[in-house]
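# Summary of structural features
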Amino acid sequence: MSATESKSRFDRLKALFVLAAFGAGLVSALQSHVNGSFTSYLNAPLAAAEPRNGIVVAVISFASAALILTAMLACVPKARQGVGRVWASLRAGRLKATDADKSRHPGVAGIGRLRWFQVIGGAAGGLFVASQSITVGALGISMFVVATTAGQSVSSLFCDRLGFAPGGQRPITVFRAIGPALAISAILVAQWTRLGNLDQWYLLALPIIAGVCVAAQHAVNGRVETTAATDIVGDHTYRLSGALSATFINFVVGTIALAVVAAIALAVSGLPTTAFPGQWWMYTGGVLGALFIGTAAAVVHKIGVLLLALSLIAGQISGGVLLDVTVRGQDLPLTSIIAVALTFCAVAVPASTTRAK
């Protein structure tokens, strides 16, 4: 295959991965609406929103996803083998390179063996969903995206620079830095009229921190997915089952972390006083979250954390605008159209300068 044909094939695949990440962003916006609506339902009779309700919704979302993924894992032997490879890599990662026992898992080319902090990305996902459930009711989906975009887009730039994702290091260049700047500008344009409400500033801290952590989550989940997908003996890769394995691990870890937080919150504040809603769609947050995390884990090794984050953000802001117009019956202001256009530019600029690896 000639260099021109190779580059053309790379560009087509990259466009496909970016499109998949954009779709995952749309799913994330819908998940924000579902979990925010669930929390708002529990908070409705109260004089003020209670954080415990958001945590309860986050636990339900993560636990339901973990149960669904467990059932899927039982039906896919290669995904179960992927979880075993992750466990073997994690155990071997505790050993020194000179240990004779390192043959248990020699490591995957380019990323080596896993360390414990690389398999707890689900805790960051738990923080994201908890902040989503706690703040969306008060801030709205679009304002929530403002805060997470600021944290996620900047953090992703440094995750690529440090080589956290399995694709290796990607330097910070002017063109790559333009992407996060455009993404943040897009959100500010969309929400400019709401930025003067000082009563809401304190709520922005939690989604900003969650955005920073989510970028790192996507990076380490990519390492877990690559390890799960790579058969060391036969040197074959099973990307679909690897993504399923990584998503399963992500939600098991996140569920455990959220369960601990929820136990503390409920011990202090007591159980929610409102009966759970009867609308089935309010319980779909877990399925949507699994689609979101699974897609991100499957494509991050190809496009890097920055391009993944920007594509997700483009999907999230587009999805937020669509939900505002279709579900909430709001008008479509010019600022929202400009914001969506800017997010597409934010993806296009770094995408056009990314080189094949």
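Residues numbered from 1 in each chain as written. Predicted model: local features only at pLDDT ≥ 70, side-chain atom pairs only at ≥ 80, totals over all residues. Heavy atoms only, no water.

Scanning the protein chain for helices and strands turns up ten helices and two strands. Reading the protein chain from its N terminus to its C terminus gives the helix and strand order α-α-α-α-α-α-α-β-β-α-α-α. Every one of the 357 residues in the protein chain was classed for burial, and the buried ones make up 50%. In the protein chain, of all internal contacts separated by at least 6 residues, the share reaching a separation of at least 24 is 81%. Surface accessibility of the protein chain: about 16,000 Å² in total, with carbon and sulfur atoms responsible for 69%. (Helix = DSSP H or I, 4+ residues; strand = E, 2+ residues; numbered from the N terminus. Buried < 20%, exposed > 50% of the residue type's maximum accessible area, 1.4 Å probe, protein only. Contact = heavy atoms within 4.5 Å. Areas by Shrake-Rupley, 256 points an atom, 1.4 Å probe, with all protein chains shown as cover.)

Let us look at the packing of aromatic side chains. Each aromatic ring pair is described using two quantities: the centre-to-centre distance and the angle formed by the ring planes. Following the criterion strictly, the structure yields five aromatic pairs and no others. Ring geometry for Phe22 versus Phe344: centroids 5.8 Å apart, planes at 55°, classification tilted. With Phe22 in helix α1 (residues 3-43) and Phe344 in helix α10 (residues 334-353), this pair connects stretches of sequence that are 322 residues apart. Classification of Phe344 by relative accessible area gives partly exposed; the value is 42%. With a centroid separation of 5.1 Å and 70° between ring planes, the pair formed by Phe38 and Tyr283 is classed as edge-to-face. (Phe/Tyr/Trp six-rings, centres within 6.5 Å; stacked < 30°, edge-to-face > 60°.)

Turning our attention to the side chain of Glu225. Here Glu225 lies in helix α7 (residues 205-229). For Glu225, a relative accessible area of 0% translates into the label buried.

Below, the discussion takes up the packing of helix α3 (residues 77-92) against α7. Geometrically, a packed helix pair is captured by the angle between its two axes and the distance between the axes. Close contact between α3 and α7 brings their axes to 7 Å; oriented N to C, the two are set at 110°. In terms of orientation, α3 lies roughly perpendicular with respect to α7. Helix-helix and strand crossings are classified by hand; for α3 and α7 the assignment is right-handed. For the pair formed by α3 and α7, the contact residues are Gly82, Arg85, Val86 and Ser89 on the first element and Val224, Thr227, Ala228 and Ala229 on the second. For the contact of α3 with α7, the per-class residue count stands at four nonpolar, three polar and one charged. (Axes fitted to C-alpha atoms, helices over the stretch in contact; angles between N-to-C directions. Parallel < 35°, antiparallel > 145°, perpendicular 65-115°, else oblique. Left-handed = near helix turned anticlockwise from the far one by under 90°. Nonpolar A, V, L, I, M, F, W, Y, C, P; charged D, E, K, R; others polar.)

Turning next to the nonpolar core. Grouped together as the largest cluster of nonpolar side chains are 58 residues, with contacts concentrated most on Val86, Val224, Phe251, Ile303, Val305 and Leu308. At 16 residues, helix α9 (residues 285-326) tops the list of elements feeding residues into this core. Not counting chain neighbours up to four residues away, the residues in contact with Ile303 comprise Lys14, Phe17, Val18, Arg170 and Leu308. Met143, Val146, Ala147 and Leu204 belong to the second largest nonpolar core, which has six residues in total. (Core = buried A, V, L, I, M, F, W, Y, C linked by side-chain atoms within 4.5 Å.)

Summed over all chains, the structure comprises zero disulfides. Here Cys159 stays free of any disulfide, with the sulfur of Cys213 as its closest cysteine sulfur at 9.8 Å. On the basis of relative accessibility, which here comes to 4%, the residue Cys159 falls in the buried class. (Disulfide = S-S within 2.5 Å.)

Purely geometric numbers; function is a separate question.
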